[in-house]
Amino acid sequence: MLKRILPLLCAVLAVQTLYAQTTAQKIDTLLYAYHDQHQFSGTALVAVHGQILVDKAYGPANVNEHTPNTTSSQYQLASVTKTFTSTLILKLVELHQLSLDDHISKFYPAYPHGDSITIRQLLSHTSGIFNYTRLDKDLWHPEQPATEEKMIALFKDKPLDFSPGTDWNYSNSGYSMLGYIVHKATGMPWEAAVRKYIFKPAGMQHSGFDFAHLQSSNRTIGYVADSLNDYTKISPLVDSSVSFSAGAVYSTTGDLYRFHQALQQNRIISAPSIALATTPVKNHYGFGWEIDSLFGHKAVMHSGGIFGFRSQLLRVPEDDICIILLSNTETPALNGIAKSILAACYQQPYYIPTKKIAIKLSEDILKKYTGMYKITVHSLLVELKLENGQLVAYPDKGPRSPMSAADNTHFFLDNEAGFDIEFVTDNNGNATAMRITRNGETQVAPKQ
């Protein structure tokens with residue numbers, strides 16, 4: 001019997017080894033392609049079925065000191081912090097220190113509409129609380145330390161976006177309230193509770209909160225969006241008392257993988273709590289996790305963006321897949337990169353960016369493309385303007401994006417690899433629609 005089993009085991013191991021090697025090579029090639037397009041500078045870790053396939057760094061951690069990113073580099077996670085805050089809240093629920101149906105008024109009796117807003121709604125962005133980051137930065141001074149009272153004052157008296165529980169709107173304010181409630185419920189600052197209930201059991205020894213004052217040779221420097229090609233403009237840093245429980249955690253790819261493993265093994269919260277967190281409430285969002293079906297599998301993820309940094313954590317729990325991308329530039333490409341990596345893991349087709357050469361078109365041609373377009377599937381309006389001889393896209397949700405011409409009708413975004421635009425025109429050359437292809441997925445946006 002043993003003689004029959006051994007050859008079979010050897011064959012299985014050989015197939016697994018070949019899969020790991022070829023998939024790792026595909027992912028590395030993909031990441032280098034984005035790096036060459038100035039769309040990824042940072043550290044990546046990819047693991048499948050508990051085996052790390054890629055654990056590698058790309059680009060500079062500090063240009064002036066000629067320091068490269070490494071697998072030990074520390075980055076701001078921004079909104080990936082919300083996965084930690086939601087996990088902590090569920091832990092406290094398991095310990096009977098909180099209830100998901102507790103109202104804000106239990107902890108802040110004078111809070112407006114506090115009798116109508118529950119912890120459950122704060123976790124799922126269905127509270128209707130105004131998101132303070134929509135305010136002009138001069139009103140909330142992100143680089144300056146802030147007290148709890150000052151932060152709550154930014155949003156508590158603003159009208160609700162909707163009646164609690166009736167709709168969905170992303171709210172950093174709601175997640176800040178969760179951090180303040182943790183302190184009220186436990187007598188322990190949010191940061192101390194995260195260390196006790198998450199960092200320690202997960203073995204996360206290289207993670208923390210006060211990135212602005214972090215004294216570490218592994219701390220990366222963040223670079224702003226308009227300097228992706230030369231890394232010369234250093235980004236300001238948001239004080240951790242401002243980003244707080246909505247965005248203050250810093251970490252490494254290794255520590256985030258330890259967090260993933262701890263969740264897989266139910267070492268922080270129970271399987272029922274994890275199932276609750278990763279069940280959509282509204283708009284594909286659960287409790288601190290976005291949920292989607294990718295390549296026929298349930299994927300849970302969260303992205304993060306803060307001055308100088310971007311982050312992406314994508315997990316497929318059923319196959320023990322973990323994709324972590326941490327960048328010290330304001331690249332918009334991480335979500336697309338992560339999904340392409342997942343495609344490679346499942347041996348599905350994916351997009352690899354190539355270098356494009358821009359040409360100069362006359363303003364007479366470019367004027368025919370200006371105007372308002374609607375991406376129907378996302379209900380997103382995009383206005384194209386002509387500025388200094390170049391088309392510039394202004395989406396109603398998102399940053400300004402300059403466009404360059406590859407030929408008379410084909411364009412690409414200067415600041416995002418894998419984003420191509422083809423104009424559909426009438427007999428006079430006037431645009432009637434844009435055909436937008438992003439990381440291999442195509443949508444049509446009619447001109448309004």
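Per an unreviewed UniProt entry, the protein goes by Serine hydrolase and derives from Chitinophaga eiseniae. Per UniProt, the protein has the following entry under Subcellular location (unreviewed entry): "Membrane".

(A) Structural context of the sheet that holds strand β15 (residues 410–413). The eight strands are arranged β11-β12-β13-β14-β15-β16-β17-β18 in an open sheet whose pairing can be described as antiparallel. Sheet topology places β11 (371–375) and β18 (441–446) at the edges, where each strand pairs with a single neighbour. Taking each pair of neighbouring strands and ignoring which way they run, the sheet shows an average axis angle of 30 degrees. Strand direction decides the pairing type here: strand β16 (residues 419–425) and strand β17 (residues 431–438), joined by seven bridges, are antiparallel. In the sheet register, F419 faces β17, and the bridge partner there is R438.

(B) Spotlight on the sheet that holds strand β9 (residues 309–316). Pairing in this open sheet of six strands is antiparallel, and the strands run β2-β1-β10-β9-β8-β7 from one edge to the other. Either end of the sheet is taken by a strand with one partner, and the two such strands are β2 (51–58) and β7 (290–294). This sheet shows a mean twist of 15 degrees between the axes of neighbouring strands, independent of strand direction. Judged from the five bridges that link them, β7 and strand β8 (residues 297–306) form a sheet pairing that is antiparallel. Across the sheet, residue S293 finds its bridge partner in β8, namely K298.

(C) Layout of the environment of K158. Structurally, K158 is set in the loop between α5 (148–153) and α6 (172–186). Sequence-wise, K158 and Y132 are 26 residues apart; in three dimensions their C-alpha atoms are separated by 9.4 Å.

(D) Broad picture of the domain arrangement of the protein. Partitioning the protein into domains gives domain 1 (51–346) and domain 2 (363–446). Taken over C-alpha atoms, the centre of domain 1 sits 32 Å from the centre of domain 2.

(E) Seen up close, unusual backbone geometry. Phi angles above zero are rare outside glycine, and H141 is one such case at about 45 degrees. Structurally, H141 is set in the loop between α4 (137–140) and α5. Since its relative accessible area comes to 32%, H141 is described here as partly exposed. Of note, F295 is a non-glycine position whose phi angle comes to about 55 degrees, a positive value. If you trace the backbone, F295 turns up in the loop between β7 and β8.

Rules and cut-offs
Residues numbered from 1 in each chain as written. Predicted model: local features only at pLDDT ≥ 70, side-chain atom pairs only at ≥ 80, totals over all residues. Heavy atoms only, no water. UniProt positions renumbered as here; feature names shortened; annotations may be inferred. Pairing = 2+ DSSP bridges. Helix = DSSP H or I, 4+ residues; strand = E, 2+ residues; numbered from the N terminus. Axes fitted to C-alpha atoms, helices over the stretch in contact; angles between N-to-C directions. Domains from an automatic or database assignment. Buried < 20%, exposed > 50% of the residue type's maximum accessible area, 1.4 Å probe, protein only.

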